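# Report on the structure
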Amino acid sequence: MSTKYLGETFDIHGGGMDLKFPHHECEIAQNEACTGHSPVNYWMHANMLNLNGKKMSKSTGNNLLPSEIYSGGSPFLSKAFSPNVARFFMMQAHYRSILDFTDDGILAAEKGFNRLIEGLDILKNLHASATSTLDVASWQKNCYDAMNDDFNTPILIATLFEGIRFVNLINDGKETLNAADLKMLSETLNTFTFDVIGIKNEKSSADHSGKLEDVVEMLIGMRNEARANKNFALSDQIRDQLSELGIQLKDGKDGTTFSA
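Now for a description of the structure that goes with this document.

Rules of the game
- Residues numbered from 1 in each chain as written.
- Predicted model: local features only at pLDDT ≥ 70, side-chain atom pairs only at ≥ 80, totals over all residues.
- Heavy atoms only, no water.
- Helix = DSSP H or I, 4+ residues; strand = E, 2+ residues; numbered from the N terminus.
- Contact = heavy atoms within 4.5 Å.
- Axes fitted to C-alpha atoms, helices over the stretch in contact; angles between N-to-C directions.
- Parallel < 35°, antiparallel > 145°, perpendicular 65-115°, else oblique.
- Left-handed = near helix turned anticlockwise from the far one by under 90°.
- Nonpolar A, V, L, I, M, F, W, Y, C, P; charged D, E, K, R; others polar.
- Buried < 20%, exposed > 50% of the residue type's maximum accessible area, 1.4 Å probe, protein only.
- Polar contact = N/O pair within 3.5 Å; in protein donor to acceptor, adjacent residues only side chain to side chain.
- Lys, Arg positive; Asp, Glu negative; His and termini not counted.
- Salt bridge = Lys/Arg side-chain N within 4 Å of Asp/Glu carboxyl O.
- Patch = residues over 30% accessible without salt bridge, like charges linked within 9 Å, V, L, I, M, F, W, Y side chains within 5 Å.
- Areas by Shrake-Rupley, 256 points an atom, 1.4 Å probe, with all protein chains shown as cover.
- 1 Å grid on protein atoms, 1.4 Å probe; cavity = no way out; pocket = protein on both sides within 12 Å on 5 of 7 lines; lining within 4 Å.
- Points joined across faces, edges and corners; volume = space filled by probe spheres on them.

One can find threonine 188 in helix α8 (residues 179–196). Setting aside its immediate chain neighbours within four residues, threonine 188 contacts Trp139, Gln140 and Cys143.

Written out as structure tokens, the structure reads:
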């Protein structure tokens with residue numbers, strides 16, 4: 001399958017540390033026998049995930065489903081957390097380290113995530129000065145060095161917060177950047193936050209989510225009108241086409257709700 005979609009040689013292969021032997025060693029042997037060379041340039045094996053200091057286990061009940069993080073439906077969590085916050089929390093541990101998932105840990109990550117996003121919002125309104133009093137080039141190099149150090153996301157995140165410190169100092173009038181350095185700071189912070197770490201712009205997503213809700217509510221209203229007029233063909237068509245888009249309608253005594 002990997003050869004079909006990625007070719008005989010591809011760059012990165014991921015997986016858990018528990019798959020090193022025999023699964024991945026067998027995969028290498030099979031590919032080398034077929035093609036005469038190793039299939040992968042870099043293997044990235046992630047370590048295990050614990051919950052509150054203990055190994056996750058379905059049999060003991062010490063486990064957490066991804067959906068429970070987002071819904072807040074787990075006894076191990078005090079509230080629901082966005083996928084962005086969950087990702088940001090996990091990125092604060094190196095992928096080869098054991099990550100201990102705790103409520104306190106993800107609450108702290110949420111505060112840090114909000115501080116990062118707030119800093120990026122402030123950055124949009126900063127103005128360039130004639131001179132620079134901060135060494136942005138060295139800071140940018142540290143961002144690249146962190147990722148070149150075996151995808152060291154904890155060091156990268158610490159460096160990004162150093163960039164946010166620059167933003168706050170400039171905003172407070174304590175430091176200055178010329179136009180070129182301000183552009184470098186902005187592009188680097190945004191690239192490493194949104195493209196490299198993979199954080200999404202929650203404000204933009206929230207805006208789109210609100211528009212989606214409005215459109216679906218409008219369609220629900222049209223469907224209700226069709227049902228009232230006994231136009232069941234149109235009613236079913238609206239329901240079925242929304243279902244094809246991953247939006248499920250649920251009719252209840254209090255009206256129609258939807259989930260996406």
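This brings us to the packing of helix α5 (residues 103–123) against helix α7 (residues 153–171). Two packed helices can be described by the angle between their axes and the distance between those axes. Orientation of α5 relative to α7, taken along the N-to-C sense of each, is 45 degrees, at an axis distance of 9 Å. The orientation of α5 relative to α7 falls into the category oblique. Crossing of α5 against α7: the hand is left-handed. For the pair formed by α5 and α7, the contact residues are Gly112, Arg115, Leu116, Gly119, Leu120, Ile122 and Leu123 on the first element and Leu160, Phe161, Ile164, Val167, Asn168 and Asn171 on the second. Looking at the contact of α5 with α7 residue by residue, the classes come out as eight nonpolar, four polar and one charged.

Okay, unusual backbone geometry next. Omega for the peptide link from phenylalanine 21 to proline 22 comes to 0 degrees, which places this bond in the cis form. Tracing the backbone through its elements, the reader meets proline 22 in helix α2 (residues 20–35). In this structure, asparagine 52 takes a positive phi of about 55 degrees despite not being glycine. With respect to the secondary-structure elements, asparagine 52 resides in the loop between β3 (49–51) and β4 (54–55). Residue asparagine 52 is classed as partly exposed on the basis of its relative accessible area, which comes to 37%. One non-glycine residue, lysine 230, adopts positive backbone phi at about 60 degrees. Structurally, lysine 230 is set in the loop between α9 (202–228) and α10 (232–244). On the accessibility criterion, lysine 230 (64% relative accessible area) is exposed.

Here aspartate 251 is to be found in strand β6 (residues 248–252). Since its relative accessible area comes to 39%, aspartate 251 is described here as partly exposed. Along the backbone, aspartate 251 and threonine 193 are 58 residues apart, and their C-alpha atoms lie at a distance of 41 Å. When near neighbours in sequence (up to four residues on either side) are disregarded, aspartate 251 contacts Arg223, Arg227 and Thr256. Within the structure, the side chain of aspartate 251 is placed 3.1 Å from the side chain of arginine 223, a separation counted as a polar contact. Looking at aspartate 251, its side chain comes within polar contact range of the side chain of threonine 256, at 2.7 Å.

Note that asparagine 148 resides in helix α6 (residues 136–148). What makes asparagine 148 exposed here is its relative accessible area of 63%. Spatially, the C-alpha atoms of asparagine 148 and serine 97 are 17 Å apart, while their sequence positions differ by 51 residues.

We now examine the side chain of aspartate 103. As for its placement among the helices and strands, aspartate 103 is situated in helix α5. For the buried aspartate 103, no salt bridge is present, and the opposite-charge side chain at shortest range is lysine 79, 8.4 Å distant. With residues near it in sequence (within four places) discarded, aspartate 103 still touches Asn52, Phe76, Leu77, Ser78 and Phe81.

Take a nonpolar patch on the surface next. Residues Met1, Tyr5 and Leu6 make up a contiguous nonpolar surface patch of roughly 440 Å² in combined accessible area. With respect to the helices, strands and loops of the structure, methionine 1 is situated in the segment before α1 (2–6). For methionine 1, a relative accessible area of 81% translates into the label exposed.

Turning our eyes to something else, we now look at the layout of surface pockets. By volume, the largest pocket is sized at about 370 Å³. Lining the largest pocket are 15 residues, and of these Ala46, Met90, Ala93, Tyr95 and Leu99 sit closest to its centre. Of all the elements in the fold, those that place two or more residues in the lining of the largest pocket are β2 (40–46) and α4 (83–91). Considering each element in turn, the lining of the largest pocket owes the most residues, three residues, to α4. Residues belonging to the lining of the largest pocket are distributed by class as follows: 10 nonpolar, four polar and one charged.

Note that all results are geometric; they support no functional claim without further evidence.
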